[in-house]
Amino acid sequence: MPGDGRLHGKIAVVTGGGSGFGEDICTKFAEEGASVAVLDIDDAGGRRVADAINAASSAGGARFVHCDVSRRSDVAHAVRTVVDAEQRIDVYVNNAGITHRNQPLLDVTEDWFDRIFAVNVKALYLSALELVPVFRANGGGVVINIASTAGIRPRPGLTVYNASKAAAILFSKSMAVEYAADNIRVNAVCPVAGETPLLTEFMGGDTPELRAKFADSVPLGRLSQPRDIANAVAFLASDEAAFITGIALEVDGGRCV
Ligand SMILES: NC(=O)c1ccc[n+]([C@@H]2O[C@H](COP(=O)([O-])OP(=O)(O)OC[C@H]3O[C@@H](n4cnc5c(N)ncnc54)[C@H](O)[C@@H]3O)[C@@H](O)[C@H]2O)c1
């Protein structure tokens, strides 16, 4: 509830907020009292999420901002839009991500390689270019990058995606040590396969057998749910995590053990 939520008064930005994990991160943030900017390349999805938050009386409020996270001009425009409206940004979640379908590495086209690295890795760099000056002016800030267990314990058929998520984890750790002196905390969150539209691509289809195969690889015996991820992200975004930086938090039911 606003007023006593753990993100009360915080200004948050969530990329890829129009679907899947990003949608629930936006909703959870608003429930915890944050004002949320929902960034997405999909205007319909992003607007739907922002409208739903604003329709919920307990929410901290939301606005949709169109943004292709792989384009510097879009990222700069989104950051400027939020700062112009709210005077600052406290929390920025790089959640937008794409994958190739589960397939042999040699079948992944060069174009897909470039697109995956642009959205999953280059976007972290582009957001840092715009955010670090804003955070410095405000005395600090929090970045949370949604990586994946794929970057720690890779499955076959997803090599390019796996590599992009390993890069996201190391980018987070390196940025954490480089900007700790500026009171900028940077952490990665590593979900195991979860119930979102991307799941079909990861599994290479969607059948009860494929779901059972993926769930059986998780010691707690199920796929992740968006709320599992949103809860972890909300904790890292909050002041309760003030001394936590440079971690890759596995939210994976034990998959990476
Ligand atoms: N679902 C899983 O099993 C799983 C597991 C581990 C990690 N992840 C990661 O979680 C994150 C969210 O994935 P999801 O499963 O919710 O996927 P999703 O497809 O449901 O949502 C991704 C959102 O990102 C948006 N997006 C895509 N490209 C964009 C771009 N260039 N600019 C702005 N927005 C863009 C999409 O429009 C969509 O709204 C991704 O980084 C993904 O790699 C997902």
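The shown structure was predicted, so the numbers you read here are calculated from the model rather than taken from an experiment.

Chemist: Sorry if this is basic, but what is going on with unusual backbone geometry here?
Modeler: The phi angle at Gln87 is positive, at roughly 75°, despite the residue not being glycine. Relative to the helices and strands, Gln87 resides in the loop between α3 (72-86) and β4 (91-94).

Chemist: Got a minute to help me understand the site of the ligand in this structure?
Modeler: Close to the ligand lie 30 residues; Gly16, Ser19, Gly20, Gly97 and Thr196 are nearest. Mapped onto the shell around the ligand, the elements with two or more residues apiece are α1 (20-31) and α6 (199-203).

Chemist: Is there a simple way to think about α1 in this case?
Modeler: Given 3.6 residues to a turn, an α-helix orients residues that are three or four positions apart in the same direction. Taking 1.5 Å of rise per residue, the twelve residues of α1 would be expected to cover 16 Å, and the 17 Å separating its terminal C-alpha atoms lies within 8% of that figure. With twelve of twelve residues buried, α1 is to be regarded as a mostly interior element. Looking only at α1, the buried set comprises Gly20, Phe21, Gly22, Glu23, Asp24, Ile25, Cys26, Thr27, Lys28, Phe29, Ala30 and Glu31. The positive-phi residue at the C-terminal boundary of α1 is Gly33, with phi of around 100°.

Chemist: Got a minute to help me understand the environment of Cys190 in this structure?
Modeler: Mapped onto the elements, Cys190 comes out in strand β6 (residues 184-191). Residue Cys190 is classed as buried on the basis of its 26 C-beta neighbours within 10 Å. Each C-alpha atom, one on Cys190 and one on Ile146, is 6.3 Å from the other, the two residues being 44 residues apart in sequence.

Chemist: Explain the sheet that holds strand β1 (residues 11-15) to me, please; I cannot follow it from the model alone.
Modeler: One key point about sheets: their strands pair by backbone hydrogen bonds, in either a parallel or an antiparallel sense. Spatial ordering of the open sheet is given by β3-β2-β1-β4-β5-β6-β7, a layout of seven strands whose pairing is parallel. Each edge of the open sheet is held by one strand with a lone partner, namely β3 (62-66) and β7 (248-251). If you compare each strand with its neighbour and ignore which way they point, the axes differ by 20° on average. Where β6 and β7 come together, four bridges link them in parallel fashion. Residue pairing across strands places Val189 opposite Leu249, the latter belonging to β7. Across the sheet, helix α2 (residues 43-55) lies against β2 (35-40) and β3, angled at about 170° from β3, the strand it touches most.

Thresholds applied
Residue numbers run consecutively from 1 along every chain, following the written order of its sequence. Since the coordinates come from a predicted model, pLDDT governs what is reported: local features require at least 70, and pairs of side-chain atoms require 80 or more to be given and counted, while whole-chain, interface and lining totals use all residues. Every helix listed is a DSSP run of H or I at least four residues long, and every strand listed is a run of E at least two residues long, numbered separately from the N terminus. For each residue, a C-beta atom is placed from the backbone, and the residue is labelled near a molecule or strand when this atom is within 6 Å of it. The span one expects for a helix is its residue count, reduced by one, times 1.5 Å. Field definition: a residue is buried when 20 or more other C-beta atoms are found within 10 Å of its C-beta, exposed when 12 or fewer are, and partly exposed for counts in between, with C-beta atoms placed from the backbone. Each pair of strands is called paired provided DSSP finds at least two bridges between the two strands. Fitting a line to C-alpha atoms yields each axis, with helices limited to the stretch in contact; the angle taken between N-to-C directions then spans 0 to 180 degrees. C-beta atoms are placed from the backbone for every residue, and two residues are taken to be in contact when these atoms lie within 7 Å.

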